[in-house]
Amino acid sequence: GAAELGPYRHYMQKEIFEQPRALGDTLEGVTAIMPELFGDKAFGVFKQIDNVLILACGTSYYAGMTAKYWIESIAKIPVNVEIASEYRYRDSVPNPSSLVVTISQSGETADTLAALKHARSLGMPHSLTICNVSTSAMVRECELAYITRAGVEVGVASTKAFTTQLAALFLLALTLAQSKGRLSDEQEAEHIKALRHLPVAISAVLALEPQIIAWSEEFARKENALFLGRGMHYPIALEGALKLKEISYIHAEAYPAGELKHGPLALVTKEMPVVTVAPKDGLIEKLKSNMQEVRARGGELYVFADADSRITPSEGVHVIRLPEHYGMLSPILHTVPLQLLAYHTALARGTDVDKPRNLAKSVTVE
Ligand code: G6P
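Sequence order sets the numbering: in each chain, residues are counted from 1 along the sequence as written. Totals for whole chains, interfaces and linings use every residue, but because this is a predicted model, local features are given only for residues with pLDDT of at least 70 and side-chain atom pairs only at 80 or more, for both listing and counting.

Under an unreviewed UniProt entry, the name given to the chain is Glutamine--fructose-6-phosphate aminotransferase [isomerizing], and the source organism is Undibacterium parvum. UniProt positions are given in the numbering used here, feature names are shortened, and annotations may be inferred rather than shown by experiment. Here the chain is described in UniProt, under the heading Catalytic activity (unreviewed entry), as follows: "D-fructose 6-phosphate + L-glutamine = D-glucosamine 6-phosphate + L-glutamate". We quote the UniProt Function (unreviewed entry) comment for the chain here in full: "Catalyzes the first step in hexosamine metabolism, converting fructose-6P into glucosamine-6P using glutamine as a nitrogen source."

See below:
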């Protein structure tokens, strides 16, 4: 009811603004990397496994896609990420030394539960879930678990559950790296410091809301939008597009920016806003030339840069700068303005933000 919403108009907005608290709670007490964070048996399991199979649906699947970049980069362990509803029905080649990781806000998604059971039936005994509900079927079914502490999420479009999943998955990448002897004490200390800074960093990103509201007024008049990202920000672009689709009903697609020339460039006109996730990373110069390709076709760019990206606004290039440069944790920070953009665009279009048409919070039937 209204009392619970406090100063917010919708649960989604409240949940977006709860993210500093949700991340702080999810990471509470994490002052060092140790397998026990994932359960009593984690030490032995992490020693045995040599690859990861991630199974999830929807927003949780995009968290899994992001985790692939982190785990392969930090722990140097191969990762496959599969949409649960596809994995359960296709012929695949099981690897008994896989760690099967399910990601689920609710812990009750039928397809993800079925995919986990399918993996087990194929001879993959080791499982871990990143889940927001400690009493859920998923937690009961898995050998290991990390419980995110986002708190109850009411808005159908997932927000705080996603960023807390990402934090837990980053911890998993660090822990797997440590188990394989690939994490120095200095690296561990540096990553923990960055993780513990997240609540403060997110609060500073939330303060960009007025600038995002100004953009949302433009977006509310559009029927299509394209989201671009590269590397570990490609899944964040996918999540940004999904948020916009889910609640504003604007058709949105996401592409890894290097793929523009293989199709989506044909869609670009001045009617096509192109949202670009553009933190300073190893691909920023390549991303800038992708942005040129968009501008040359008259596309309007809406760029989320960071403190180090060196992108200046110009005609057709709108820039919102996140206040810091966040390194490996940048996907978590860059998610937040995309959530706010979707929220305010939906608000401007007058849709039912917390209960979008045709969608359910938790899909417990196939
Ligand atoms: C539904 C929700 C999404 C969610 C997906 C997976 O489609 O509307 O927000 O990402 O299910 O849910 P889970 O609880 O397994 O993360």
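(A) Spotlight on the sheet that holds strand 2 (residues 79–83). With respect to topology, five strands assemble into an open sheet ordered 2-1-3-4-5, the strand pairing being parallel. For this open sheet the edge positions go to strand 2 and strand 5 (144–147), each flanked by a neighbour on one side alone. Neighbour-to-neighbour, the strand axes of this sheet turn through a mean angle of 20°, independent of strand direction. As defined by bridge partners, strand 4 (residues 127–131) adjoins strand 5 across four bridges and the pair is classed as parallel. Bridging from a neighbouring strand, Leu-128 pairs with Leu-144 of strand 5. Once C-beta atoms have been placed from the backbone, residue pairs whose C-beta atoms lie within 7 Å are recorded as contacts. Helix axes are fitted to C-alpha atoms over the stretch in contact, other axes to C-alpha atoms as well, and angles between N-to-C directions run from 0 to 180 degrees. Going along the chain from the N terminus, every DSSP run of H or I of four or more residues is numbered as a helix, and every run of E of two or more is numbered as a strand. Packing against the sheet, helix 5 (residues 58–75) makes contact with strand 1 (51–56), strand 2 and strand 3 (98–104), and its axis sits at approximately 170° to strand 2. In this scheme, strands are said to pair when DSSP sees at least two bridges between them.

(B) Geometry of unusual backbone geometry. A positive phi angle is found at Tyr-249, which is not glycine, with a value near 65°. When you line up the elements, Tyr-249 lands in the loop between helix 12 (234–248) and strand 7 (251–256). Think of it as a crowd count around each C-beta: if 20 or more other C-beta atoms lie within 10 Å the residue is buried, if 12 or fewer it is exposed, and in between it is partly exposed, with C-beta placed from the backbone throughout. What makes Tyr-249 partly exposed here is the crowd of 16 C-beta atoms within 10 Å.

(C) Local environment of the packing of helix 12 against helix 14 (residues 330–349). Put simply, helix 12 and helix 14 touch, their axes get as near as 9 Å, and they point 20° apart. By the angle between their directions, the pair helix 12 and helix 14 is classed as roughly parallel. Considering how the two elements wind past one another, helix 12 and helix 14 form a crossing that is right-handed. Here helix 12 contributes Ile-236, Glu-239, Gly-240, Lys-243, Leu-244, Ile-247 and Ser-248 to the contact with helix 14, which in turn contributes Pro-331, His-334, Thr-335, Leu-338, Gln-339, Ala-342, Thr-345, Ala-346 and Arg-349. Residues were grouped as follows: Ala, Val, Leu, Ile, Met, Phe, Trp, Tyr, Cys and Pro as nonpolar; Asp, Glu, Lys and Arg as charged; and all remaining residues, including Gly, as polar. Considering only residue class, the contact of helix 12 with helix 14 consists of seven nonpolar, six polar and three charged. Roughly parallel means an angle under 35 degrees; roughly antiparallel means over 145; roughly perpendicular covers 65 to 115; every other angle is labelled oblique. Left-handed describes a crossing whose near helix is turned anticlockwise from the far helix through less than a right angle; right-handed describes the clockwise counterpart.

(D) Spatial organisation of the sheet that holds strand 9 (residues 300–305). Taken in spatial order, the five strands make up an open sheet running 7-6-8-9-10, and their pairing is parallel. The two strands at the open ends of the sheet, each matched to only one other strand, are strand 7 and strand 10 (317–321). Strand-to-strand twist in this sheet, taken as the mean axis angle between neighbours without regard to direction, amounts to 20°. With six bridges connecting them, strand 8 (residues 273–278) and strand 9 associate as parallel partners. Its bridge partner lying in strand 9, Val-275 is registered against Tyr-302. Sitting on the sheet, helix 12 touches strand 6 (224–229), strand 7 and strand 8, and the angle it makes with strand 7 is about 175°.

(E) Region of interest: helix 9 (residues 160–179). Taking 1.5 Å of rise per residue, the 20 residues of helix 9 would be expected to cover 28 Å, and the 29 Å separating its terminal C-alpha atoms lies within 8% of that figure. Where burial is concerned, most of helix 9 is hidden: 20 out of the 20 residues are buried. Directly after helix 9, the chain includes Gly-181, whose backbone phi takes a positive value near 70°. How far a helix is expected to stretch is found by multiplying one less than its residue total by 1.5 Å.

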